[in-house]
Amino acid sequence: MLHRLTVSELARRIHRGEVSSREATQACLDQIARVDGQVRAYLSHDPADALAQADAADRLRASGQADPAAHPLLGVPVSLKDVIAHRGQPLGCASRILGNFVSPYDATVVHRLKAAGAVVFGRLNMDEFAMGSSTENSAFFTTLNPWDTTRIPGGSSGGCAASVAAHECFASVGSDTGGSIRQPAALCGVVGVKPTYGRVPRYGLTAFASSLDQIGPFTKDIADAALMTRVLSGHDPMDSTSMPEPVPDYLAALSGSLRGLRIGLPKEYLIGGMHPEVDASVRAAVRQLESLGAEIVEVSLPHTEYAAATYYIIAPAEASANLARFDGIRYGARVDGATPMELNSRTRGRGFGPEVKRRIMLGTYVLSSGYYDAYYLRAQKVRTLIRNDFLEAFKTVDALVTPTTPAPAFKVGEKSDDPLQMYLCDVFTISCNLAGICGLSLPCGFTSDPRLPIGLQLLGKPFGESTLFRIAHAYEQSTPWHRALAPLA
Ligand code: GLN
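In every chain, residue numbers begin from 1 and rise along the written sequence. Totals for whole chains, interfaces and linings use every residue, but because this is a predicted model, local features are given only for residues with pLDDT of at least 70 and side-chain atom pairs only at 80 or more, for both listing and counting. By convention in this description, side-chain values take in all heavy atoms of the structure and omit both hydrogens and water.

A. Seen up close, the sheet that holds strand E4 (residues 171-176). Spatially, eleven strands are ordered E1-E3-E2-E4-E6-E5-E10-E11-E9-E7-E8 in an open sheet, and the strand pairing comes out mixed. Of all the strands in the sheet, the pair left with one neighbour each is strand E1 (42-44) and strand E8 (295-299). Within the sheet, the average angular offset between the axes of one strand and its neighbour, ignoring direction, is 35°. Strand pairing requires that DSSP identify at least two bridges connecting the strands. In this text, helices come from DSSP runs of H or I with a minimum length of four residues, and strands from runs of E with a minimum of two, each type numbered from the N-terminal end. Sheet topology note: the strand E5 (residues 191-194)/strand E6 (residues 214-219) ladder contains two bridges and is antiparallel. Note on E6: the bridge partner recorded for Val 191 is Thr 219. Taken strand by strand, helix H2 (residues 21-39) contacts E1, strand E2 (77-81) and strand E3 (119-124), and its axis lies near 15° from that of E3. By definition, residues are in contact when any of their heavy atoms lie within 4.5 Å. All axes are obtained by fitting lines to C-alpha atoms, using only the stretch in contact for helices, and the reported angles, taken between N-to-C directions, cover 0 to 180 degrees. Its contacts with the sheet put helix H15 (residues 465-477) on E5, strand E7 (262-266), strand E9 (399-403), strand E10 (438-446) and strand E11 (453-460), and the angle it makes with E10 is roughly 10°.

B. Looking closely at the packing of aromatic side chains. Centre distance within 6.5 Å is the pairing criterion for rings of Phe, Tyr and Trp, where only the six-membered ring of Trp is used; planes under 30 degrees apart are then read as stacked, over 60 as edge-to-face, and the remainder as tilted. Overall, the coordinates contain 17 aromatic pairs when judged by the stated rule. Measuring from centroid to centroid gives 4.9 Å for Phe 129 and Phe 326, while their planes differ by 50°, and the two rings are tilted. On the criterion of sequence distance, the pair formed by Phe 129 in the loop between E3 and helix H5 (158-165) and Phe 326 in the loop between helix H9 (307-322) and helix H10 (340-351) is long-range, its members being 197 residues apart. Comparing Phe 129 with Phe 326 shows no difference in burial state: the two are buried. Consider the ring centre and the ring normal. A charge sits over the ring if Lys NZ or Arg CZ is within 6 Å of that centre and within 35 degrees of that normal. Over the aromatic face of Phe 141 sits the side chain of Arg 40, whose NZ or CZ is 4.3 Å from the ring centroid. Between the NZ or CZ atom of Arg 451 and the centre of the ring of Phe 446, over which it lies, the distance is 3.9 Å. Throughout this description, buried means an accessible area under 20% of the type-specific maximum (1.4 Å probe, protein chains only), exposed means over 50%, and partly exposed covers the range between.

C. Highlighting the side chain of His 3. Structurally, His 3 is set in the segment before helix H1 (7-16). Accessibility expressed as a relative area gives 8% for His 3, which makes it buried. The residues contacting His 3, other than those within four sequence positions of it, are Ala 27, Gln 31, His 167, Phe 170, Lys 220 and Ala 489.

D. Here's a closer look at the environment of Glu 168. Inspection of the secondary structure puts Glu 168 in the loop between H5 and E4. Overall, the relative accessible area of 0% leaves Glu 168 in the buried class. Here the alpha-carbon distance between Glu 168 and Thr 467, two residues 299 residues apart in the chain, equals 29 Å. Excluding anything up to four places from it in sequence, Glu 168 contacts Cys 28, Gln 31, Ile 32, Val 35, Asp 36, Val 39, Ala 41, Tyr 42, Phe 121, Ala 162 and Ser 163.

Written as structure tokens, this is what we have:
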């Protein structure tokens, strides 16, 4: 049952010499061999490379040079969304357009994971270029939810969430532009963190919408989330948007009592049309936070209703510019043509899937002269109003509590023909990215029939991750949800 340990517990045992990294890595690979035929979280993984890293971790320990403070992830297998560069491994963004592209360098986060001692391995499935909420937009196959394999795991980082829920890795690293970490974490019953914009460097992350993208971890519990976020965070000269703010010891923030904390309940987030059991679980969680000592206050974020529309202008606009680099000349696949223009349009026509094309068209439309003022510029102004709503609320509260999603995991195929329904999966998660604040999702219950996980979202001030971890930890430790095992675990 080695594969079911948390990151913290496994690292502790490896440091003590009770288990080797090779054994832990092999346990992970065995679990992949056992269940990934059903979950389909991994696009690829390289067992030989993972075991070689494990042996290096075991040698480091044997040499007496391993230090729990410097190597908090010693020997722990951690997997990656297929959008983060890992030297010598495929980097495909779950798209055909990258062909057999192999990354020539490590993303800063990969560098940091390795420096902390982790065994970094595996390429996890996702919606193509992180555009989607179900992994159904992957160019290759759909990942399935380990709680019910007729359902989607959420997206776009569905492979990350599913691999942690199925205990096919100890933790995973993904990206969140409008909810792509928190939404799949909620639907798979694991913890997912979207750090503050600028907290985690994005050097080596394939850009989707650069003013919104942020890298963050998926874990089995909050202590692991705090640990992983600390490892990933901090300024990087290779990313000019990464901030110099010192990285606190997030684990030290996990104190227990919530006395003295004020938590806001935004009235716009408990709306009609929610799944009744999601609504009930979130309300029960709010009462639990109160019983742990927090003061709950109703707050208003009046521009919430414009968030989805704003996001679906700004994100495609940025994507249309970012994806221009996939031209058939510099990277990946190429479909030849008689002229450079023909080569470019054939390559992009065959290489990109329908959702990516839809976003590029939406994005170029809202940026085109004549429409720029009406759409893009106006969306930027509304974005400021949305950010101001949060900054106003944070004058009176330390954090906010909301549902992560309006409903639990849906069936494969249920929304794939209706982009608008798919976009509405993100109503509760996108404001956080538009405002640049931090957020996380943690398990807060289950629906009854079928039994599917429900997520609770906590939103915090810019660089207020410590407070979120403190609240989430107190809640988690007083409830049984994080200990529940998916049928495929
Ligand atoms: N589901 C949202 C979208 O399709 C968010 C994706 C993300 O956060 N990468 O854009």
